[in-house]
Amino acid sequence: MPADTPKGYVHFFDDFIQDTINLDLWTVNGDDGTAGAINVAHNGTFRMTGDGTDTDIENIYSAVQWRADAGGFTVEIRATLVTSIADGETFIGISDASADEEPFSVSTTDVLTSTSSDGAGFCYTGAGTADWKAVSTNADADGTVTRCNVGGATTPVVGTYQTFKLAVNADGDVDFYIDGVWHYREDLAVAPTTLHNVFVSMVDGGTARSMDIDYIEVWAGRR
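From a predicted model like this one, the values you see are computed outputs, not experimental measurements. (Residues numbered from 1 in each chain as written. Predicted model: local features only at pLDDT ≥ 70, side-chain atom pairs only at ≥ 80, totals over all residues. Heavy atoms only, no water.)

## Notes on the overall build of the chain
Our working definition: Under the scheme used here, helices are H or I runs from DSSP no shorter than 4 residues and strands are E runs no shorter than 2 residues, and both carry numbers assigned from the N terminus. Here the radius of gyration uses the C-alpha set of atoms, whereas the globule reference equals 2.2 Å times the residue count to the power 0.38. Throughout, exposure labels follow a simple rule: accessible area from a 1.4 Å probe, protein chains only, divided by the maximum for the residue type, with under 20% read as buried, over 50% as exposed, and the rest as partly exposed. Residue contacts are counted whenever heavy atoms from the two residues lie within 4.5 Å of one another. Accessible surface area values rest on a Shrake-Rupley calculation with a 1.4 Å probe, where residue burial reflects the displayed protein chains alone. A residue counts as positive if it is Lys or Arg and as negative if it is Asp or Glu; His and the chain ends are not included. By convention, the charge on Lys lies at NZ, on Arg at CZ, on Asp at CG and on Glu at CD.
Along its length, the chain carries zero helices and 19 strands. Against the 2.2 N^0.38 benchmark of 17 Å for 223 residues, the chain shows a C-alpha radius of gyration of 16 Å, consistent with a compact globule. Among the 223 residues that make up the chain, the fraction classed as buried is 52%. Here the contacts in the chain between residues at least 6 apart in sequence split such that 68% fall between residues at least 24 apart. Of the roughly 9,300 Å² of accessible surface on the chain, 50% is carried by carbon and sulfur atoms. Side-chain charges in the chain split into 11 positive and 34 negative, and the spacing between the mean points of these groups amounts to 9 Å.

The structure is reproduced here in structure tokens:
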């Protein structure tokens, strides 16, 4: 904690209750020509919608400004897939690049592809194996792809919210939680001195589907 202030933590929270997405906080993209937008639903959500065109990417990401060695940080995202989970790919977590891309994905046999050079999070592929997968890469060195099934299956269900949390310590170790349950730790999952952003992406696989994000919250150590 800094000696000059009692406010030792930075706190960010977006509940998506406004009429339109705050583009000072977020960048949104949609390969099908329709970027994600606020869905004026009960308590507000941010909705990404795909039209079913294979490999089209929908994403939302923040500026790169969260760094592990500044006291660590946590990222919590509550989200649900809408319409279908049968096809396509989803990533929820952190990356190191502000780019219109899919930072991480796993194949139907859980082989990791990491476009991100540094980051961590949760992957799910609709035509693949059960459960969300914990994934990471540290300076382009990929971590272990690990099924998140401690205490039971975590396979997404259409319209059922799940809460995803990453706890990143000052060394770059990352603990992965779903619905408050700890599932896995990857030591040295991310580089401690690399700046990261919050990043959520959804890729169509030939099936039209959507994703709702209820909220995004970050707690970080203050330098």
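## Section: the environment of Gln18
Mapped onto the elements, Gln18 comes out in the loop between strand E1 (9-14) and strand E2 (27-30). On the accessibility criterion, Gln18 (26% relative accessible area) is partly exposed. Distance from Gln18 to Val40, taken between C-alpha atoms, is 8.4 Å for residues 22 residues apart in sequence.

## Quick word on the pattern of salt bridges
To be explicit about the condition: Counted as salt bridges are all cases of a side-chain nitrogen of Lys or Arg within 4 Å of a carboxyl oxygen of Asp or Glu.
The tally for this structure, following the rule as stated, stands at seven salt bridges. The shortest N-O distance in the salt bridge between Asp69 and Arg67 comes to 2.6 Å. Between Asp214 and Arg78 there is a salt bridge, and its shortest N-O distance comes to 2.8 Å. Residue Asp214 is located in strand E19 (residues 210-221), and its partner Arg78 is located in strand E7 (residues 73-82); the two are separated by 136 residues in the primary sequence. When its relative accessible area of 12% is taken as the criterion, Asp214 is described as buried. Each of Asp173, Asp175 and Arg185 takes part in a single network of salt bridges with overlapping partners.

## Some details on empty space enclosed by the protein
The cut-off we apply is this: With a 1 Å grid laid over protein atoms only, a set of points is called a cavity when a 1.4 Å probe fits there but cannot get out and a pocket when it is open yet has protein on both sides within 12 Å along at least five of seven lines; lining residues have an atom within 4 Å of a point. Grid points are joined across faces, edges and corners, and a volume is the space filled by probe spheres set on the points. Polar here means any residue outside two lists: the nonpolar Ala, Val, Leu, Ile, Met, Phe, Trp, Tyr, Cys and Pro, and the charged Asp, Glu, Lys and Arg; Gly therefore counts as polar.
A full pass over the atoms with the stated rule returns one cavity of 30 Å³ or more. In this model, the largest cavity occupies a volume close to 30 Å³. Mapped by element, the contributors of at least two residues to the lining of the largest cavity are E7 and strand E15 (162-168). Broken down by class, the residue content of the lining of the largest cavity amounts to seven nonpolar, two polar and no charged.

## What about unusual backbone geometry?
The phi torsion at Asn43 lies on the positive side, around 65°, for a residue other than glycine. For Asn43, the position within the fold is in the loop between strand E3 (37-39) and strand E4 (45-49). With phi around 50°, Ala139 is a residue other than glycine that occupies positive phi space. In this fold, Ala139 is placed in the loop between strand E12 (133-138) and strand E13 (141-142). Look at Ala139 and you get exposed, because its relative accessible area is 56%.

## Points about the pairing of E19
We apply this condition: The pairing criterion for strands is at least two bridges between them, as found by DSSP.
Of all twelve residues in E19, eleven are buried, a share of seventy percent or more. Note that E4 and E19 share four bridges and pair antiparallel. Bridging from a neighbouring strand, Arg47 pairs with Asp212 of E19. Relative to E19, E7 runs antiparallel, the two being bridged by ten bridges. Of the residues in E19, the one forming a bridge with Ala79 is Ile213.

## Topic: the packing of aromatic side chains
Rules: The criterion for an aromatic pair is that two Phe, Tyr or Trp rings (for Trp, the six-membered ring) have centres within 6.5 Å, with stacked assigned to planes under 30 degrees apart, edge-to-face to planes over 60 apart and tilted to the rest.
Per the stated rule, a full pass over the model turns up eleven aromatic pairs. Residues Phe16 and Trp26 carry aromatic rings whose centres are separated by 6.2 Å and whose planes lie at 40° to one another, so their mutual orientation is tilted. One end of the pair, Phe16, is in the loop between E1 and E2; the other, Trp26, is in the loop between E1 and E2, and ten residues separate them in sequence. Residue Phe16 is classed as buried on the basis of its relative accessible area, which comes to 0%. What makes Trp26 buried here is its relative accessible area of 2%.

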